Amino acid sequence: MRIGELARRSGVSERSLRYYEAQGLLRAERTPGGHRNYGEWAVDRVVRIQTLYAAGLNSKKIAQLLPCMRDTDGRPNEVATPQLVDELAAERDRIDRMIVELVRSRDVLDEVIDTASQNAATGPAALTPRR
(Lines give C-alpha, C1' and ligand atoms only; values in the text may rest on other atoms or scores of the structure.)
Protein backbone atom coordinates (compact mmCIF):
# COMPACT_ATOMS: atom_id res chain seq x y z
CA MET A 1 0.00 0.00 0.00
CA ARG A 2 1.13 3.55 -0.62
CA ILE A 3 1.91 6.02 2.16
CA GLY A 4 -1.46 7.78 1.87
CA GLU A 5 -3.33 4.52 2.36
CA LEU A 6 -1.17 3.62 5.37
CA ALA A 7 -1.80 7.07 6.84
CA ARG A 8 -5.55 6.67 6.36
CA ARG A 9 -5.69 3.14 7.79
CA SER A 10 -3.43 3.85 10.78
CA GLY A 11 -4.72 7.34 11.57
CA VAL A 12 -1.20 8.77 11.42
CA SER A 13 -0.07 11.59 9.14
CA GLU A 14 2.16 10.95 6.15
CA ARG A 15 4.71 13.27 7.74
CA SER A 16 4.82 11.06 10.86
CA LEU A 17 5.23 7.97 8.71
CA ARG A 18 8.21 9.55 6.95
CA TYR A 19 9.66 10.45 10.36
CA TYR A 20 9.20 6.85 11.56
CA GLU A 21 11.07 5.67 8.49
CA ALA A 22 13.89 8.17 9.06
CA GLN A 23 14.17 6.95 12.66
CA GLY A 24 14.39 3.31 11.54
CA LEU A 25 11.02 2.43 13.06
CA LEU A 26 9.30 1.63 9.77
CA ARG A 27 10.56 0.41 6.45
CA ALA A 28 9.12 0.66 2.98
CA GLU A 29 9.92 -0.98 -0.30
CA ARG A 30 10.34 1.46 -3.18
CA THR A 31 8.61 1.21 -6.53
CA PRO A 32 10.68 1.80 -9.67
CA GLY A 33 9.25 5.33 -9.59
CA GLY A 34 10.54 5.84 -6.04
CA HIS A 35 7.17 5.68 -4.27
CA ARG A 36 6.98 4.03 -0.87
CA ASN A 37 5.14 0.73 -0.76
CA TYR A 38 4.21 -0.88 2.58
CA GLY A 39 2.96 -4.35 3.34
CA GLU A 40 -0.15 -5.11 5.39
CA TRP A 41 2.09 -5.57 8.45
CA ALA A 42 2.79 -1.83 8.47
CA VAL A 43 -0.63 -0.90 9.90
CA ASP A 44 -0.01 -2.93 13.06
CA ARG A 45 3.56 -1.65 13.28
CA VAL A 46 2.42 1.99 13.14
CA VAL A 47 -0.24 1.35 15.79
CA ARG A 48 2.46 -0.19 18.03
CA ILE A 49 4.75 2.77 17.45
CA GLN A 50 1.95 5.17 18.38
CA THR A 51 1.20 3.18 21.54
CA LEU A 52 4.86 3.22 22.58
CA TYR A 53 5.11 6.97 21.97
CA ALA A 54 1.95 7.47 24.03
CA ALA A 55 3.61 5.51 26.84
CA GLY A 56 6.36 8.12 26.87
CA LEU A 57 9.10 6.20 25.09
CA ASN A 58 11.36 8.08 22.70
CA SER A 59 12.17 6.97 19.15
CA LYS A 60 15.57 5.58 20.15
CA LYS A 61 14.02 3.32 22.79
CA ILE A 62 11.21 2.32 20.43
CA ALA A 63 13.78 1.38 17.78
CA GLN A 64 15.42 -0.91 20.34
CA LEU A 65 12.12 -2.41 21.41
CA LEU A 66 10.38 -3.02 18.09
CA PRO A 67 12.64 -5.86 16.97
CA CYS A 68 11.72 -7.69 20.18
CA MET A 69 8.04 -7.62 19.27
CA ARG A 70 6.41 -9.83 16.68
CA ASP A 71 4.37 -8.29 13.92
CA THR A 72 1.25 -10.03 12.71
CA ASP A 73 3.23 -11.40 9.79
CA GLY A 74 4.99 -13.68 12.30
CA ARG A 75 8.49 -12.54 11.40
CA PRO A 76 11.13 -13.76 13.84
CA ASN A 77 12.11 -11.29 16.49
CA GLU A 78 15.43 -10.60 18.14
CA VAL A 79 16.05 -11.51 21.76
CA ALA A 80 15.88 -8.55 24.12
CA THR A 81 19.12 -7.77 25.93
CA PRO A 82 19.13 -7.70 29.74
CA GLN A 83 19.93 -3.97 29.55
CA LEU A 84 16.88 -3.30 27.37
CA VAL A 85 14.67 -5.29 29.75
CA ASP A 86 15.99 -3.20 32.68
CA GLU A 87 15.41 0.04 30.78
CA LEU A 88 11.87 -1.00 29.86
CA ALA A 89 11.15 -1.97 33.47
CA ALA A 90 12.33 1.49 34.50
CA GLU A 91 9.98 3.05 31.92
CA ARG A 92 7.12 0.96 33.29
CA ASP A 93 7.94 2.15 36.81
CA ARG A 94 7.95 5.75 35.57
CA ILE A 95 4.51 5.24 34.03
CA ASP A 96 3.26 3.68 37.28
CA ARG A 97 4.46 6.75 39.20
CA MET A 98 2.69 9.02 36.71
CA ILE A 99 -0.53 7.04 37.19
CA VAL A 100 -0.31 7.47 40.98
CA GLU A 101 0.21 11.22 40.56
CA LEU A 102 -2.71 11.48 38.13
CA VAL A 103 -4.99 9.65 40.56
CA ARG A 104 -3.94 12.07 43.33
CA SER A 105 -4.67 15.02 41.05
CA ARG A 106 -8.07 13.58 40.17
CA ASP A 107 -8.88 13.09 43.86
CA VAL A 108 -8.04 16.73 44.61
CA LEU A 109 -10.18 17.83 41.68
CA ASP A 110 -13.05 15.67 42.95
CA GLU A 111 -12.84 17.43 46.33
CA VAL A 112 -12.93 20.84 44.66
CA ILE A 113 -15.89 19.80 42.51
CA ASP A 114 -17.77 18.49 45.56
CA THR A 115 -17.15 21.71 47.51
CA ALA A 116 -18.10 23.88 44.56
CA SER A 117 -21.25 21.81 43.97
CA GLN A 118 -22.32 22.21 47.62
CA ASN A 119 -21.72 25.97 47.47
CA ALA A 120 -23.62 26.24 44.19
CA ALA A 121 -26.55 24.29 45.64
CA THR A 122 -26.98 26.73 48.51
CA GLY A 123 -26.91 29.69 46.15
CA PRO A 124 -24.81 32.83 45.87
CA ALA A 125 -26.36 34.29 49.02
CA ALA A 126 -24.54 31.67 51.07
CA LEU A 127 -21.23 32.94 49.71
CA THR A 128 -21.89 36.61 50.52
CA PRO A 129 -20.36 37.60 53.89
CA ARG A 130 -22.84 38.94 56.46
CA ARG A 131 -22.27 42.36 58.09
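Summary of the structure given here. (Residues numbered from 1 in each chain as written. Predicted model: local features only at pLDDT ≥ 70, side-chain atom pairs only at ≥ 80, totals over all residues. Heavy atoms only, no water.)

1. Digging into the nonpolar core
Membership of the largest hydrophobic core comes to 21 residues, with the highest contact counts inside it found for L6, L17, Y20, L26, Y38, V46 and I62. If you list the elements that add at least two residues to this core, you get helix 1 (3–10), helix 2 (14–22), helix 3 (41–54) and helix 4 (59–65). With 6 residues, helix 3 is the single largest residue contributor to this core. When neighbours within four sequence positions are excluded, Y20 is seen to be in contact with V12, L25, L26, V46, I49, Q50 and Y53. (Core = buried A, V, L, I, M, F, W, Y, C linked by side-chain atoms within 4.5 Å. Buried < 20%, exposed > 50% of the residue type's maximum accessible area, 1.4 Å probe, protein only. Helix = DSSP H or I, 4+ residues; strand = E, 2+ residues; numbered from the N terminus. Contact = heavy atoms within 4.5 Å.)

2. Considering the side chain of E21
For E21, the location among the structural elements is in helix 2. Of note is the side chain of E21, whose polar atom sits 3.4 Å from the side chain of Y38. (Polar contact = N/O pair within 3.5 Å; in protein donor to acceptor, adjacent residues only side chain to side chain.)

3. Re a negative patch on the surface
On the surface, D107, D110, E111 and D114 cluster together into a negatively charged patch. By relative accessible area, which is 45% here, D114 ends up partly exposed. (Patch = residues over 30% accessible without salt bridge, like charges linked within 9 Å, V, L, I, M, F, W, Y side chains within 5 Å. Areas by Shrake-Rupley, 256 points an atom, 1.4 Å probe, with all protein chains shown as cover. Salt bridge = Lys/Arg side-chain N within 4 Å of Asp/Glu carboxyl O. Lys, Arg positive; Asp, Glu negative; His and termini not counted. Charge placed at Lys NZ, Arg CZ, Asp CG, Glu CD.)

4. Remarks on the pattern of salt bridges
Counting across every chain of the model gives 9 salt bridges. Taking the shortest distance from any N to any O, the salt bridge between E101 and R104 comes out at 2.5 Å. Separated by 3 residues within a single helix, E101 and R104 lie in helix 5 (residues 82–122), roughly one turn from each other. E101 sits in the partly exposed class, given a relative accessible area of 42%. Judged by its relative accessible area of 48%, R104 falls in the partly exposed class.

5. What about the packing of helix 2 against helix 3?
Where helix 2 meets helix 3, the closest approach of the two axes is 12 Å, and the angle between their N-to-C directions is 85°. Classified by the angle their axes make, helix 2 and helix 3 are roughly perpendicular. Of the residues in helix 3, those touching helix 2 at L17, Y19 and Y20 are V46, I49, Q50 and Y53. For the contact of helix 2 with helix 3, a count of residues per class yields 6 nonpolar, 1 polar and no charged. (Axes fitted to C-alpha atoms, helices over the stretch in contact; angles between N-to-C directions. Parallel < 35°, antiparallel > 145°, perpendicular 65-115°, else oblique. Nonpolar A, V, L, I, M, F, W, Y, C, P; charged D, E, K, R; others polar.)

6. Focus on the environment of I49
For I49, the position within the fold is in helix 3. We classify I49 as buried; its relative accessible area is 0%. Through-space distance from the C-alpha of I49 to that of I62 is 7.1 Å; in sequence the pair is 13 residues apart. When sequence neighbours within four positions are dropped, the list of residues in contact with I49 reads Y20, L25, I62 and L66.

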